[in-house]
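# Structural overview for review
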Protein chains: 2
Amino acid sequence: MKNRIITISRQFGSGGRTIGKQVASKLGIPCYDQELLEKLAEKSGFSPEYLKEHSEYTEHGGWISTALAGRTSMGMNNQDRIWVVQRDLILELAAKGPCVIVGRCADYILRDEENVDCLNVFIHADMASRAKRIVELYGERSDSPEKRLRDKDKRRRAYVQFYTDMRWGEAENYHIALDSGALGIDKCVDIITSLY
Amino acid sequence: MKNRIITISRQFGSGGRTIGKQVASKLGIPCYDQELLEKLAEKSGFSPEYLKEHSEYTEHGGWISTALAGRTSMGMNNQDRIWVVQRDLILELAAKGPCVIVGRCADYILRDEENVDCLNVFIHADMASRAKRIVELYGERSDSPEKRLRDKDKRRRAYVQFYTDMRWGEAENYHIALDSGALGIDKCVDIITSLY
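Quick look at the structure, then. (Residues numbered from 1 in each chain as written. Chains lettered and ligands numbered in written order. Predicted model: local features only at pLDDT ≥ 70, side-chain atom pairs only at ≥ 80, totals over all residues. Heavy atoms only, no water.)

### Some words on the packing of helix α2 (residues 34-44) of chain A against helix α5 (residues 78-96) of chain A
Residues and elements named next belong to chain A. Under the convention used in this document: In this analysis an axis means a line fitted to C-alpha atoms, helices contributing only their contacting stretch, and an angle means the value between N-to-C directions, from 0 to 180 degrees. In this text, helices come from DSSP runs of H or I with a minimum length of four residues, and strands from runs of E with a minimum of two, each type numbered from the N-terminal end. Put simply, angles under 35 degrees are roughly parallel, angles over 145 are roughly antiparallel, angles from 65 to 115 are roughly perpendicular, and the rest are oblique. Rotating anticlockwise by less than a right angle from the far helix to the near helix defines a left-handed crossing, while the corresponding clockwise rotation defines a right-handed one. The contact criterion used is simple: two residues touch if any of their non-hydrogen atoms lie within 4.5 Å. Under the scheme applied, nonpolar residues are Ala, Val, Leu, Ile, Met, Phe, Trp, Tyr, Cys and Pro; charged residues are Asp, Glu, Lys and Arg; polar residues are all the others, including Gly.
For the pair α2 and α5, the least separation of the axes is 10 Å and the interaxial angle reads 125°. Compared by their axis directions, α2 and α5 come out oblique. The two elements α2 and α5 meet at a crossing, and its hand is right-handed. Touching Leu-36, Lys-39, Leu-40, Lys-43 and Ser-44 of α2 are Ile-82, Val-85, Gln-86, Leu-89, Ile-90, Glu-92 and Leu-93, all from α5. Class assignment for the residues of the contact of α2 with α5 results in seven nonpolar, two polar and three charged.

Spelled out as structure tokens, the structure:
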């Protein structure tokens, strides 16, 4: 029997992580997010703080800078090393049993796995809801929340494009995409749980 | 009280129209699709057959050709005239009462209407499911179903981009986007109905 996995891709500040946790808790299966980061730190040698930024976002906004940054003529940069370890880790977790995996291109990494049956979810929300949420969660910074969101979106889009060649946020890449700002977190949790 | 409207944007062959009809029937509200086309024919003077192709698709694949095709230096071409009549018709129908509107950029046309509360839906499906569906519904043609789908997608994307400047199929333009191939028509109907 195939392991049923829910992958959650999300815009920063859309509540995708909270939704993932609540879905997993309702279904009685593990949710890999913080735990994945800890395992990744263990396996890669990088610190969790460093990984938080470098396991899902490019250093800069464009994929060309990503493609070239810190690379020797034939070699891998830190981000590539993290990608390889992260990929193996996700394959390993998915083989263990049903779970929810938040972010980290898990949808792409698992797409051809024969023993895995994925429900791929995308969570997004309007700028105002996300801005409110990140200020509540992470506090004010010198940059406006809107600027922080635009920067994160840009770098995440570039990351996904570079490693997967998929267009991040394109509806047809996901089985279901939900606007958590308009529908609310609870409704999103209910719908995803009902599809499992 | 605001009129609650469900707009359904969809890929050709994804079953979006069928889903729209079933949702409307479950909710006991009208679904405007064929009826919209008939009213449009009445108001515009063009035939329903002509409108079917020209009210949602560009003549050719690129928006630049759309921008220039058949236009005099200052004038409107047929497609522009249809857009204007269609826009007024959609505003009129939305003002009448709750309903489902399939396609025709209704999400964009109604976005700033104060007396309307929209749930914007996008339905898509993988190429194989859509190919199977269009052959069942419309029969074989000299072009392969895949070629017909790619052509329709391209022309609808160009149409939406030209008149709305929105990116068709981008998840964040919709409150919910569903893969009818993976989830099935009935499940899509249930989810949308539950959100109303």
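### Brief notes about the pairing of strand β4 (residues 116-124) of chain A
Residues and elements named next belong to chain A. Cut-off, in case you're wondering: Throughout, exposure labels follow a simple rule: accessible area from a 1.4 Å probe, protein chains only, divided by the maximum for the residue type, with under 20% read as buried, over 50% as exposed, and the rest as partly exposed. Two strands pair if DSSP finds at least two bridges between them.
Summarising burial for β4: eight of the nine residues are buried, a large majority. Both strand β1 (residues 3-10) and β4 contribute to a ladder of eight bridges, which runs parallel. Bridging across to β4, Thr-7 finds its partner in Asn-120. In this sheet, strand β5 (residues 176-179) lies alongside β4 in parallel orientation, the contact comprising four bridges. If you follow Phe-122 over to β5, its bridge partner there is Ala-177.

### Some thoughts on the nonpolar core
Burial of nonpolar side chains together is a common tendency in soluble globular proteins. Stated formally: Take the buried residues of types Ala, Val, Leu, Ile, Met, Phe, Trp, Tyr and Cys, join any two whose side-chain atoms come within 4.5 Å, and each joined set is a nonpolar core.
Ile-5, Ile-101 and Leu-110 of chain A together with Ile-5, Ile-101 and Leu-110 of chain B are the most contacted members of the largest nonpolar core, which totals 64 residues. Aside from chain neighbours lying at most four places away, what touches Ile-5 of chain A is Ala-94, Gly-97, Pro-98, Cys-99, Ile-101, Leu-110, Val-116, Asp-117, Cys-118 and Leu-119 of chain A. Formed by 42 residues, the second largest nonpolar core is a distinct cluster that contains Leu-119 and Cys-188 of chain A together with Val-23 and Val-189 of chain B.

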